[in-house]
Amino acid sequence: MPGTHGLTLTAHIRNTQSLHPEARGELSALLTQVGVAGKMISSKVNMAGLLGVLGSTGKINVQGEIVQKLDEMAEDVMQDIVGGSGLVCAMLSEERKDILEIETGGRYVIAYDPLDGSSNIDANVSIGTIFSIFRKLSPGTEVTRADTMQKGCEQVAAGYILYGSSTVFVYTAGEGVHGFTLDPSVGEYILSHPDIRLDGKCKCFSINQCNAPYWDAWVHDWIARVMERNDADKRRISGRHIGSLVADFHRNLIYGGVFAYPTDARSPKGKLRLMYEASPLAFIAEQAGGYASDGRISILDLEPEELHHRTGLIIGNRPEVELAEDCVGRASI
Ligand code: P6P
């Protein structure tokens, strides 16, 4: 049992591993390495204004988005610390067009957004690293599509490191969702949010209202049906949206809430990416008792069509997400 000094992330990961006698410790080592990368990125993000690393590089990435200087830094850290761990055979990154195959031939594949929400960096808004881990399926050392284009339900672990008022590492390895706060004085993540649950009341509603002119009709119907719970007696749900997915998701995970970025006329396939944004957060949401959908089916059941597959996303308390699916269904009749 942890004493007054708390349980470290490393100890928690090892304890989770002990639930699987067949485990060889490689996933534990990989999660620990992701944590190390998060500490390095956190130290740079927290000093960004002083290191001359704010602002953009002037480059445009494969997504057609402006690359921030900290995006490049975070990508470099992930390649060095995770790619150099000998534990992964392939890395899928939001910042790179193609898959990076790693010669050392580890047994895992990692998909990640090195710095989600980075367009908010100059305003000191919380941003984060989102990651999704799969087991290599094909025999031998060759990396195949079967290894990299796996459905979300095949994930063995997922999580994010949120660089906010404190740095928080949140992960699941299929045994619930647990959060750790970085103690910068010792450089250790300490368990601060054991067994996070997303099955209480939905208190926050997160959507970019300025996309309303582009929404399908069902979104307006869904919002109206959610807002019915606010009446003269009480405001039961409030709007909270900061435009940084990882920060919006974390707030909703802790307080209870639903986030939506549905497909719309501007983004008919969706804006958010399946492999390294929607899928890992969906794994976390479901492990915490919530749910994530593209409006029709679970995010975890979507078949990836390409590396940077985009999708609509409604994620958070299960009743509100299922209500969205009901609205979609009614609109298609
Ligand atoms: P919009 C950040 O660029 C991001 O990928 C997510 O973190 C965020 O939720 C979304 O885009 C914001 O997009 O169109 O509302 O500005």
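Quick look at the packing of helix α7 (residues 245–255) against helix α8 (residues 274–287)
Where α7 contacts α8, the axes come no closer than 12 Å and their chain directions differ by 10°. Considered as vectors, α7 and α8 are oriented roughly parallel to each other. Taking contact as the criterion, the partners of L245, F249 and L253 in α7 are, on α8, E277, L281, I284 and A285. Of the residues belonging to the contact of α7 with α8, the class tally is six nonpolar, no polar and one charged.

A few points about the site of the ligand
Taken together, 13 residues are adjacent to the ligand, and D116, N208, L245, Y261 and K271 come closest. In this structure, an oxygen atom belonging to the ligand sits 2.9 Å away from a side-chain N or O atom of N208. For the ligand, an oxygen atom lies 3.0 Å from a polar atom in the side chain of K271. Contact with the protein chains covers 83% of the free accessible surface of the ligand, which is 400 Å². Among the residues forming the shell around the ligand, the class breakdown is four nonpolar, five polar and four charged. For the shell around the ligand, the domains that each give at least three residues are domain 1 (9–193) and domain 2 (204–332).

Overview of the packing of aromatic side chains
Given two aromatic rings, their pairing is described by the distance between the two centres and the angle made by the two planes. Counted under the stated rule, the structure contains seven aromatic pairs. Aromatic side chains W218 and W222 sit 6.3 Å apart centroid to centroid with 45° between the ring planes, which places their arrangement in the tilted category. In this pair, W218 and W222 both sit in helix α6 (residues 217–227), four residues apart, roughly one turn of the helix. Three or more aromatic residues joined by ring pairs make a cluster, and in this case those are F131, F169, Y171, F180 and Y189. One Lys or Arg, R266, reaches over the ring of Y214 and ends 5.5 Å from the middle of that ring.

Observations regarding the nonpolar core
Ranked by internal contacts, the top residues of the largest apolar core, which has 39 residues, are I110, F131 and I133. It is helix α2 (residues 26–46) that provides the largest number of residues to this core, a total of seven residues. Those residues within four positions of I133 in sequence are excluded, and the remaining contacts are L27, L30, L31, Y108, V109, I110, Q155, V156 and A157. A158, V170, L245 and A282 belong to the second-largest nonpolar core, a separate cluster that totals 31 residues.

What counts and how
Residues numbered from 1 in each chain as written. Predicted model: local features only at pLDDT ≥ 70, side-chain atom pairs only at ≥ 80, totals over all residues. Heavy atoms only, no water. Axes fitted to C-alpha atoms, helices over the stretch in contact; angles between N-to-C directions. Helix = DSSP H or I, 4+ residues; strand = E, 2+ residues; numbered from the N terminus. Parallel < 35°, antiparallel > 145°, perpendicular 65-115°, else oblique. Contact = heavy atoms within 4.5 Å. Nonpolar A, V, L, I, M, F, W, Y, C, P; charged D, E, K, R; others polar. Near = heavy atom within 4 Å. Polar contact = N/O pair within 3.5 Å; in protein donor to acceptor, adjacent residues only side chain to side chain. Areas by Shrake-Rupley, 256 points an atom, 1.4 Å probe, with all protein chains shown as cover. Domains from an automatic or database assignment. Phe/Tyr/Trp six-rings, centres within 6.5 Å; stacked < 30°, edge-to-face > 60°. Lys NZ or Arg CZ within 6 Å of the ring centre and 35° of its normal. Core = buried A, V, L, I, M, F, W, Y, C linked by side-chain atoms within 4.5 Å. Buried < 20%, exposed > 50% of the residue type's maximum accessible area, 1.4 Å probe, protein only.

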